[in-house]
Amino acid sequence: MTGRPHDSDDDGRDGPLRAHDRLVLDVMLGKLATFLRMCGYDAVYALDRGLEADDRILALSRAEGRTLLTRDRGLAARTDDSVLVTARDPVEQLRELRRADFRLELPDRPVRCSRCNGVVRAVDGESSTPEYAPDAAETHVCRCRDCEQCFWKGSHWADVAETLAEL
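Every residue gets a number counted from 1 within its own chain, in the order that chain's sequence is written. For this predicted model, a pLDDT threshold of at least 70 governs which residues receive local features, and a threshold of 80 or more governs which side-chain atom pairs are given and counted, while totals over whole chains, interfaces and linings are taken from all residues. Side-chain descriptors were evaluated using all non-hydrogen atoms of the structure, hydrogens and water having been removed beforehand.

1. Overview of the confidence of the model for the chain
One rule of thumb: low pLDDT means the predicted coordinates there are not for detailed reading.
Here is step 1 of the chain: Per residue, pLDDT captures the predictor's confidence, and it can take any value from 0 to 100. Looking at the chain as a whole, its pLDDT mean stands at 89, while 88% of the residues score no less than 70.
Here is step 2 of the chain: Taken element by element, the chain is modelled with least confidence in strand E1 (residues 3–4), mean pLDDT 27, and with most confidence in strand E4 (residues 42–45), mean pLDDT 98. Per the convention used, a helix needs a DSSP run of H or I reaching at least four residues, while a strand needs a run of E reaching at least two, with both numbered from the N terminus.

Dropping the structure here:
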């Protein structure tokens, strides 16, 4: 796959974007979508868009120029821009993607919402955060521009980093 120039306003990750940095994941890969979003991938999960039918998932993939990740052999065979994921376990799925040359590391700061895939932006230190989030004046907190979920590098971030390091 060919790369394209890096645009730091799009994802905040270091290094060039590759063709498979924009993804659509089928209905069987919801947990994998969360990991990929935390790694900075623009990873659309089909059910988040209300898509279950293969034809609609393929149409989305083509319309938005996204690489399709699927556990469905028949669906993968219907497009050249797909990655067949055979494992059921999300950690094993990550191992498969690593072997397929996916960059699986956490960026310096959260860049994608793990819930909805929206882009996250830093919360100003003077802005308030929800009760579940730390004070933005004391901890670097980001907020999703779409669903307004807050993110920071806490214990979940550390757990994911450990999982990725063990791959």
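There is more to say after this.
2. As for a nonpolar patch on the surface
Here is step 1 of the chain: The patches reported here contain residues having more than 30% relative accessible area and no salt bridge. Joining distances are 9 Å for like charges and 5 Å for nonpolar side chains (Val, Leu, Ile, Met, Phe, Trp, Tyr). The accessible surface values rely on the Shrake-Rupley method and a 1.4 Å probe; as for residues, cover is taken only from the protein chains in view. We count a salt bridge whenever a side-chain nitrogen from Lys or Arg sits within 4 Å of a carboxyl oxygen from Asp or Glu. Residues Val27, Met28 and Leu47 make up a contiguous nonpolar surface patch of about 220 Å² in total accessible area.
Here is step 2 of the chain: Mapped onto the secondary structure, Leu47 falls in the loop between E4 and helix H3 (54–63).
Here is step 3 of the chain: The classification of residues rests on relative accessible area computed with a 1.4 Å probe and restricted to protein chains. Under 20% of the type maximum is buried, over 50% is exposed, and intermediate values are partly exposed. Taking the relative accessible area as the measure of exposure, Leu47 reaches 38% and is therefore partly exposed.

3. Remarks on the sheet that holds strand E7 (residues 120–122)
Here is step 1 of the chain: DSSP calls a pair of strands paired once it identifies at least 2 bridges connecting them. Here we have three strands laid out as an open sheet, ordered E7-E8-E9, and antiparallel in their pairing. Where the open sheet ends on each side, the last strands, each with one partner, are E7 and strand E9 (150–151).
Here is step 2 of the chain: Where strand E8 (residues 142–144) lies against E9, two bridges are found, and the strand directions are antiparallel. Opposite Arg143, over in E9, you have Cys150 as the bridge partner.

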